[in-house]
Amino acid sequence: MEAIGPRIIGTWKLVSWTYTDDQGNTVPYLGEGAQGILMYDQHGYMNAQLMRAGRAPFAKPGFADGTAEETWLAFNSYIAYYGRYYESQPGEIIHEVEGSLFPNWVGHRQVRYATVIGDQLTLHTLPIAAQERKIVFYITWQRLKLS
């Protein structure tokens, strides 16, 4: 297997983020219509931002004026992190998290297994503890091209 690191450099738009449940069903993790962007640059930096479709705005316009419920819903419908990345072995991409909406990820490594077919990048994880069980995530991205 050959290194794919140079082939992932660029900007990618989310196609789907799914996992398989206990009955073998494919489930969209952030629901249907989720949106996101993933960027890898040639200097070894990356960032990822993903969100549920149809997020409700806060009733008040201020950034910090959300109610406890509005803030909880906003936090639980958006994922964002950034940091350094490298390919540790062919197809194994390590994200070294420097900043994250989820503070527990800061200073940790996120391991992703990557395949690139044409202009599609698919990343998957090893089993991760989520929703009170262990699941494998599959995140598919489409390369964005300059117009």
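Model, not experiment: these values are computed from the prediction. (Residues numbered from 1 in each chain as written. Predicted model: local features only at pLDDT ≥ 70, side-chain atom pairs only at ≥ 80, totals over all residues. Heavy atoms only, no water.)

## A short note on the pattern of salt bridges
Reasoning step 1: Counting across every chain of the model gives 3 salt bridges.
Reasoning step 2: Here Arg 143 and Asp 119 are joined by a salt bridge, their closest N and O atoms 3.9 Å apart. Residue Arg 143 is located in strand S11 (residues 137–143), and its partner Asp 119 is located in the loop between strand S7 (109–117) and strand S8 (120–124); the two are separated by 24 residues in the primary sequence.
Reasoning step 3: A relative accessible area of 27% means that Asp 119 is categorised as partly exposed.
Reasoning step 4: The partner of Asp 119 in a salt bridge is Lys 145, and the shortest N-O contact between them spans 2.7 Å. Pair noted here: Asp 119 is in the loop between S7 and S8 and Lys 145 is in the segment after S11, with a separation of 26 residues, a long-range link.
Reasoning step 5: Each of the salt bridges in this network shares a partner with another, and the network as a whole consists of Asp 119, Arg 143 and Lys 145. (Salt bridge = Lys/Arg side-chain N within 4 Å of Asp/Glu carboxyl O. Helix = DSSP H or I, 4+ residues; strand = E, 2+ residues; numbered from the N terminus. Buried < 20%, exposed > 50% of the residue type's maximum accessible area, 1.4 Å probe, protein only.)

## Notes on the pairing of strand S6 (residues 92–100)
Reasoning step 1: Burial within S6 is extensive, with 7 of its 9 residues counted as buried.
Reasoning step 2: Summarising the sheet, strand S5 (residues 78–89) and S6 pair through 8 bridges and their orientation is antiparallel. When the sheet's bridge partners are listed, Arg 84 is paired in S6 with Glu 96.
Reasoning step 3: The turn joining S5 and S6, which pair antiparallel and follow one another in sequence, is formed by 2 residues; a positive phi near 85° is taken by Gly 91. (Pairing = 2+ DSSP bridges.)

## Overview of the environment of Leu 38
Reasoning step 1: Considering the arrangement of structural elements, one finds Leu 38 in strand S3 (residues 35–40).
Reasoning step 2: According to the relative accessible area criterion, Leu 38 is buried, its value standing at 1%.
Reasoning step 3: The residues contacting Leu 38, other than those within four sequence positions of it, are Gly 10, Thr 11, Trp 12, Met 46, Asn 47, Ala 48, Leu 121, Leu 123 and Trp 141. (Contact = heavy atoms within 4.5 Å.)

## A closer look at a nonpolar patch on the surface
Reasoning step 1: Residues Phe 75, Leu 101 and Phe 102 make up a contiguous nonpolar surface patch of roughly 250 Å² in combined accessible area.
Reasoning step 2: Along the chain, the position of Phe 75 falls in helix H2 (residues 68–75). (Patch = residues over 30% accessible without salt bridge, like charges linked within 9 Å, V, L, I, M, F, W, Y side chains within 5 Å. Areas by Shrake-Rupley, 256 points an atom, 1.4 Å probe, with all protein chains shown as cover.)

## Details of the nonpolar core
For soluble globular proteins, nonpolar side chains are generally found buried alongside one another.
Reasoning step 1: Formed by 26 residues in total, the largest nonpolar core has its most connected members in Ile 8, Leu 38, Tyr 40, Leu 121 and Trp 141.
Reasoning step 2: Of all the secondary structure elements, the ones that give two or more residues to this core are strand S1 (10–20), S3, strand S4 (45–51), S5, S6, S7, S8 and S11.
Reasoning step 3: Here this core gets 4 residues from one element, more than from any other, and that element is S1. (Core = buried A, V, L, I, M, F, W, Y, C linked by side-chain atoms within 4.5 Å.)

## Some points on the side chain of Gln 110
Reasoning step 1: As for its placement among the helices and strands, Gln 110 is situated in strand S7.
Reasoning step 2: According to the relative accessible area criterion, Gln 110 is buried, its value standing at 10%.
Reasoning step 3: Excluding residues that lie within four positions of it along the chain, Gln 110 makes contacts with Ile 93, Ile 94, His 95, Val 97 and Trp 105.

## Considering the layout of surface pockets
Reasoning step 1: Considered as a void within the structure, the largest pocket measures approximately 800 Å³ in volume.
Reasoning step 2: Along the wall of the largest pocket there are 34 residues; nearest its centre are Trp 17, Tyr 29, Ile 79, Trp 105 and Phe 137.
Reasoning step 3: Elements supplying a minimum of two residues to the lining of the largest pocket: S4, S5, S6, S7, strand S9 (128–130) and S11.
Reasoning step 4: Among the residues forming the lining of the largest pocket, the class breakdown is 24 nonpolar, 7 polar and 3 charged. (1 Å grid on protein atoms, 1.4 Å probe; cavity = no way out; pocket = protein on both sides within 12 Å on 5 of 7 lines; lining within 4 Å. Points joined across faces, edges and corners; volume = space filled by probe spheres on them. Nonpolar A, V, L, I, M, F, W, Y, C, P; charged D, E, K, R; others polar.)

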